Amino acid sequence: MNSIVEEILNSLPEEAKTGEICYEASDIVVYTKSYDFLLNCGELIRQLVNRFKKRIEVRASRELLSDENEAENKIRELAPKEAEITEIYFEPEFSKVIIHAKRPGIVIGKNGGIARKILETTCWTPEIKRSCEIESEIVKAIRRMLHAQASERKKFLHELGKKIYSESKEVEYIRVSCLGGFREVGRSCVLVKTPNSHVMLDCGIAVAGSRPFPYLEMEDFVLQKLDAVVISHAHLDHVGLLPYLYEYGYRGPCYMTEPTRDLMALLCMDYINVCQREHKEAPYSIKGIEKAIKYSVALKYGEVTDITCDVRLTLENAGHMLGSSVVHLNIGNGTYNLLYTGDIKYGVTRLFSPASTDFTRVEGVIIESTYGSSEDVQPRRSEAEANLIAHIKRVIARGGKVLIPSFAAERGQEVVAILTSTDIQAPIYLDGMLWDATAIHTAYPEFFSRTMQKLMLKMGKNPFLDPRLKAIGSAKEREDVITEARPSIIVATSGMLNGGPVLEYLEKLGGDERNALIFVGYQGEGTLGRRVQKGWKHVTVNNKTIEIKLEVITVEGLSGHSPQRELINYIAHLRTKPKKVIVNHGEPKKCVELARTIHRVLGIETVAPKNLETVRLK
Ligand code: ZN
């Protein structure tokens, strides 16, 4: 055991009757055999947390825990019916009971009263989570996977803690290796190296493009030496290859928010399905996804966590999609602070607050440049929304159907939030994964902007529970939507028309000029989406050439990415002026232009490296 654990042990009184003391990643958990200590250790633990600046928790040793059936009855008795408990899982390895409820606040009780009673009567430490308001089999499966692996997770988290608290050498250098997503959009992957640790930021896949993988063969990258992976958000170009690392033997942690974990599992499962449908070999199987879930460590926004012996991580809101984060690394105990933006929106949207700039210190920034050119001006949000609504009303009035391609998570839910705030009287169909992703949105209201949180928690106002929304799951249902006479709005994947059910709709609705296709998100170079957007009249869809007769509309200004002005403001609004800015995640011209502009406007040294280059930060 490392010295910190010994010091904590020495600070505990005799009557604490300490059983095990374990790491849970960077947290320290003391298991006590004393009922009195379990209930009355609060003040002492607060003092220890202050002294050691680590999260320390006390839980009951196994012998104190009441029988699971008994405990479950007790919990159901204590929690009022209105709480609507949906599932209860026991994790004896952690002496924890995980309670999923539709109204978690009611299970917690006033000032934590009911949660406290659960602990007093059963000795199980309750962890209370919000269940999805919308039923989703996939979400249930993800949660089951997580609980089924508790004993292995306990071992893994303990070993991880040992490594985190091991001795470190002086941080003599910090290097950033560009493995993917530099001067391009897709396969984002950055490796940060110090003399002590190797940390990977994102591990994406390029869905369209001749070379889908990041350069994992670059000699800088050695899988066996990788200490941690941090995932900024659940889009495939940032997380799509994570399961592959696990399938090829990586056994370290991947850090991300809870919604990113759920959406990651969902989108990677979908990716396997898409590969199968296209008769391509998927780079990994469901086993890789299961392992990624098993080795995931979920963080809340603002939670500061040691992830290696010299890197401390904080995730904050990125404003881009549910659970999306800007990644702050404090390296070498304040020696250097590196901020990786992932994809950001530094502006207000229906669903999220602008990306956070709230960091005490930032020396280096890696920033995206999807819309990094000065030509990428976007209209105001309110104008963009009015524009979208007007187009949809017009198409519906002429009896047409509106097809909106979207990623499973991001623009789809934003569009839902906009449309459900109007009086449009047409069904809004969410196809397949979009429905499951929307279900995940209902479980995490705390990740939305305050305005949206209020709406979601107010009865009857949650946009994701609007009666106009309908799930489409089967081929038969899809056929019905296509053939029914009434106008409707169909939101389907994929967002750039490079696969997914949207193609079936396009194939069958594309020949009717009453219908419309509305692009609301970025269309990557080389995708079918980009070709249709440019006005191609004959395109190949599902191996058939079809004539595009439907109206093709692009509504600008609804993107989850910031235009150049916002990207520059984002850096300008950081509390400290960075010394260096590295630009990535954009077409070559845009990376270079954003780098030049930041240098000119803010006087900061900038660089737009290519893949396979390495930048030394210290
Ligand atoms: Zn993204």
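1. Things to note about unusual backbone geometry
Leaving glycine aside, a negative phi is the common case for residues, and trans is the common case for peptide bonds. Omega for the bond connecting Thr493 with Ser494 falls within 30 degrees of zero, at 0°, which places this linkage in the cis form. Along the chain, Ser494 falls in the loop between β21 (489-492) and α18 (502-509). In this model, Asn111 sits at a positive phi of 50°, which is unusual for a non-glycine residue. Looking at the secondary structure, you find Asn111 in the loop between α5 (104-108) and α6 (113-122). With a relative accessible area of 80%, Asn111 lands in the exposed category.

2. Details of the sheet that holds strand β7 (residues 175-180)
Backbone-to-backbone hydrogen bonds join strands into a sheet, with any given pair of strands oriented parallel or antiparallel. Here 7 strands make up an open sheet; going across it, the order is β12-β11-β10-β9-β8-β7-β28 and the pairing mixed. Each edge of the sheet is formed by a strand with only one pairing partner; in this case those strands are β12 (296-298) and β28 (614-616). Sheet twist, expressed as the average angle between the axes of neighbouring strands with direction ignored, equals 25°. Bridging between strand β10 (residues 228-230) and strand β11 (residues 254-256) involves 2 bridges; their strand directions are parallel. Among the inter-strand pairings, Val230 is bridged to a residue of β11, identified as Tyr255.

3. Structural notes on the coordination of the zinc ion
At this site the zinc ion is bound by His233 (NE2), His235 (ND1), His320 (NE2) and Asp343 (OD), with donor distances of 2.2 to 2.3 Å. Considering all 4 donor atoms around the zinc ion, angles at the metal cover 90 to 168° and the coordination shape is irregular. Between the donor residues of the zinc ion, the gaps in sequence give the motif H-x1-H-x84-H-x22-D. With a gap of 23 residues between them, His320 in the loop between β14 (311-317) and β15 (325-331) and Asp343 in the loop between β16 (336-340) and β17 (364-368) connect regions that are remote in the sequence. Summarising the burial analysis for this pair, His320 and Asp343 share the class buried.

4. Examining the sheet that holds strand β22 (residues 516-519)
Pairing within the open sheet is parallel, and its 6 strands lie in the order β20-β19-β21-β18-β22-β25. The open sheet terminates on both sides in strands that have one partner only, identified here as β20 (469-472) and β25 (551-554). On average, adjacent strands in this sheet sit at an angle of 25° to one another, irrespective of strand direction. For strand β19 (residues 428-431) and β20, the ladder comprises 4 bridges, and the chain directions are parallel. Paired with Asp431 across the strands is Ile472, a residue of β20. The sheet contacts of helix α15 (residues 433-441) involve β19, β20 and β21, and relative to β19 the element is tilted by about 95°.

5. A few points about the packing of aromatic side chains
A full pass over the atoms with the stated rule returns 14 aromatic pairs. Plain terms: the ring middles of Phe156 and Tyr295 are 4.6 Å apart, the flat faces sit at 80° to each other, and that makes the pair edge-to-face. One end of the pair, Phe156, is in helix α8 (residues 150-164); the other, Tyr295, is in the loop between α12 (286-294) and β12, with 139 residues separating them in the sequence. Taken individually, Phe156 and Tyr295 each receive the classification buried, so the pair is uniform in this respect. Put simply, the rings of Phe156, Tyr246, Tyr250 and Tyr295 pair up and form one aromatic cluster. The ring centre of Tyr31 lies 4.5 Å from the NZ or CZ of Lys154, which sits over that ring.

6. A short note on the pattern of salt bridges
In total, this model carries 50 salt bridges according to the counting rule given. Where Lys193 meets Asp220, a salt bridge forms, and the shortest distance between an N and an O atom there is 3.4 Å. In this pair, Lys193 is assigned in strand β8 (residues 189-193) and Asp220 in the loop between β9 (198-201) and β10, connecting sequence segments 27 residues apart. By the burial criterion, Lys193 is buried, and Asp220 matches it. With its nearest N and O atoms 2.8 Å apart, the salt bridge here joins Glu551 to Arg398. Of this pair, Glu551 sits in strand β25 while Arg398 sits in the loop between α13 (381-397) and β18 (402-405); the two residues are 153 residues apart in sequence, bridging distant segments of the chain. Through salt bridges that share partners, Lys96, Glu127, Lys129, Arg143, Glu258, Arg261 and Asp262 make up one connected network.

7. Considering the pairing of strand β4 (residues 85-91)
Most of β4 is tucked away: 6 of the 7 residues are buried. Sheet topology places β4 next to strand β5 (residues 96-101); 6 bridges connect them, and they run antiparallel. Bridged to Ile85 within β5 is Ala101. Linkage of β4 to β5, two consecutive antiparallel strands, is achieved through a turn of 4 residues, within which Ser95 is found at a positive phi near 55°.

8. A word on the nonpolar core
Counting residues in each nonpolar core, the largest one holds 168 residues, and the members touching the most others are Met200, Leu242, Leu245, Leu388 and Ile392. A total of 10 residues in this core trace back to one element, the largest contributor, which is helix α11 (residues 258-277). With 24 residues, the next largest nonpolar core counts Val326, Ala355, Val362 and Leu594 among its residues.

Thresholds applied
Residues numbered from 1 in each chain as written. Predicted model: local features only at pLDDT ≥ 70, side-chain atom pairs only at ≥ 80, totals over all residues. Heavy atoms only, no water. Helix = DSSP H or I, 4+ residues; strand = E, 2+ residues; numbered from the N terminus. Buried < 20%, exposed > 50% of the residue type's maximum accessible area, 1.4 Å probe, protein only. Pairing = 2+ DSSP bridges. Axes fitted to C-alpha atoms, helices over the stretch in contact; angles between N-to-C directions. Donors = N, O, S within 2.8 Å, 3.2 Å for Na, K, Ca; no water. Tetrahedral: all angles 85-135°; square planar, octahedral: opposite > 155°, others 65-115°. Contact = heavy atoms within 4.5 Å. Phe/Tyr/Trp six-rings, centres within 6.5 Å; stacked < 30°, edge-to-face > 60°. Lys NZ or Arg CZ within 6 Å of the ring centre and 35° of its normal. Salt bridge = Lys/Arg side-chain N within 4 Å of Asp/Glu carboxyl O. Core = buried A, V, L, I, M, F, W, Y, C linked by side-chain atoms within 4.5 Å.

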